Amino acid sequence: MNFIQSFVVFLLLQCVAHINGYFVTVDPHSEECFFDRAEAGTKLGLMFETVEGGFLDIEVRISGPDKKVIYQGEKESSGKYTFSAYETGIYHYCFSNKMSTLTPKVVMFSMEIGDAPKGTVGAVNEGEAGHTKLEDMIRELSGTLTSIKHEQDYMHVRDRIHRSINESTNSRVVMWSFFEAIVLIVMTVGQVYYLKRFFEVKRVV
């Protein structure tokens, strides 16, 4: 039983999808690009979120080894795009802030790279077929767990952004309320002073 458990844990560790998560600052009038090498048929997924700067928007572009644009988006605050590598080579994904003149943008992103597809398996005996099925099930389970963890990180960042927006909005409302109160007090004092001057009786000596 211990051997089977050790074997399952080993396969699970071997089958976990490769994910890199980063925070990058994109300066105004600039572009930051990253790349990963993938085999043909490999599943790739890019998830990103603009966490700071301006209107929380960024331009995104994904291109293949032949410079063909796979995906391009403008003024996006967050997103997730999944695709399969159509050929073996280096895939680029870029974040552009050329539309901004003053404000840098901070982007959180991660690229999930699945396992490379395996070749066609020849005739196998029953034991090997069972091991292959077990490996496939473990690989599917590990991919699902990785996706869940990734979604949790993504939702955590979004929650932090929305909390920051709410706190900023609340502070502005409070400041505006204080300003309105001060304006009302000044207007009240001014009106009392004006009416007092209006009803004063001027005597000629």
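Residues numbered from 1 in each chain as written. Predicted model: local features only at pLDDT ≥ 70, side-chain atom pairs only at ≥ 80, totals over all residues. Heavy atoms only, no water.

(A) Expanded view of the overall build of the protein chain. Helix and strand counts for the protein chain come out as 2 helices and 8 strands. Secondary structure elements in the protein chain, listed N-terminal to C-terminal, are α-β-β-β-β-β-β-β-β-α. For the protein chain, the proportion of contacts with a sequence separation of at least 24, taken over those separated by at least 6, is 78%. Accessible surface, the protein chain as shown: approximately 14,500 Å² in total, 60% of it carbon and sulfur. (Helix = DSSP H or I, 4+ residues; strand = E, 2+ residues; numbered from the N terminus. Contact = heavy atoms within 4.5 Å. Areas by Shrake-Rupley, 256 points an atom, 1.4 Å probe, with all protein chains shown as cover.)

(B) How the structure looks around empty space enclosed by the protein. Enumeration over the complete set of coordinates arrives at 1 cavity of 30 Å³ or more. Reported here for the largest cavity is a volume of approximately 40 Å³. If you go around the largest cavity, the residues you meet are Gly45, Leu46, Met47, Lys80, Ser110, Glu112 and His150. Going through the elements one at a time, strand 3 (43-52) and strand 8 (105-113) are the ones with two or more residues in the lining of the largest cavity. The dominant element in the lining of the largest cavity, judged by the number of residues it contributes, is strand 3, at 3 residues. In terms of residue class, the lining of the largest cavity is built from 2 nonpolar, 3 polar and 2 charged. (1 Å grid on protein atoms, 1.4 Å probe; cavity = no way out; pocket = protein on both sides within 12 Å on 5 of 7 lines; lining within 4 Å. Points joined across faces, edges and corners; volume = space filled by probe spheres on them. Nonpolar A, V, L, I, M, F, W, Y, C, P; charged D, E, K, R; others polar.)

(C) Quick look at the pairing of strand 3. In terms of burial, strand 3 is a largely internal element, 8 of the 10 residues being buried. Looking at chain direction, strand 3 and strand 6 (residues 78-84) are connected through 7 bridges and run antiparallel. In the strand pairing of strand 6, Gly45 is matched with Thr82. Relative to strand 8, strand 3 runs antiparallel, the two being bridged by 8 bridges. Each residue of the ladder has a partner; that of Glu52, found in strand 8, is Val106. (Buried < 20%, exposed > 50% of the residue type's maximum accessible area, 1.4 Å probe, protein only. Pairing = 2+ DSSP bridges.)

(D) Region of the structure containing the pattern of salt bridges. Scanning the model with the defined rule gives 3 salt bridges in all. The salt bridge partner of Glu31 is Arg61, with a shortest N-O separation of 3.0 Å. Taken together, the residues span a long stretch of sequence, with Glu31 in strand 2 (residues 31-38) and Arg61 in strand 4 (residues 58-63) at a distance of 30 residues. According to the relative accessible area criterion, Glu31 is partly exposed, its value standing at 29%. Owing to a relative accessible area of 26%, Arg61 belongs among the partly exposed residues under this scheme. In this structure, Lys105 and Asp57 form a salt bridge, with 3.0 Å as the shortest nitrogen-oxygen distance. Of this pair, Lys105 sits in strand 8 while Asp57 sits in the loop between strand 3 and strand 4; the two residues are 48 residues apart in sequence, bridging distant segments of the chain. (Salt bridge = Lys/Arg side-chain N within 4 Å of Asp/Glu carboxyl O.)

(E) Focus on the sheet that holds strand 7 (residues 89-96). Here 4 strands make up an open sheet; going across it, the order is 2-7-4-5 and the pairing antiparallel. The open sheet terminates on both sides in strands that have one partner only, identified here as strand 2 and strand 5 (69-76). When the angles between neighbouring strand axes are averaged without regard to direction, this sheet yields 10°. One ladder, built from 8 bridges, connects strand 2 with strand 7; its direction is antiparallel. In the strand pairing of strand 7, Phe35 is matched with His92. (Axes fitted to C-alpha atoms, helices over the stretch in contact; angles between N-to-C directions.)

(F) Looking closely at the environment of Leu56. You can see Leu56 is positioned in the loop between strand 3 and strand 4. Leave out the neighbours within four places in its chain, and Leu56 touches Thr50, Val51, Glu76, Ser77, Ile161 and Ile165.

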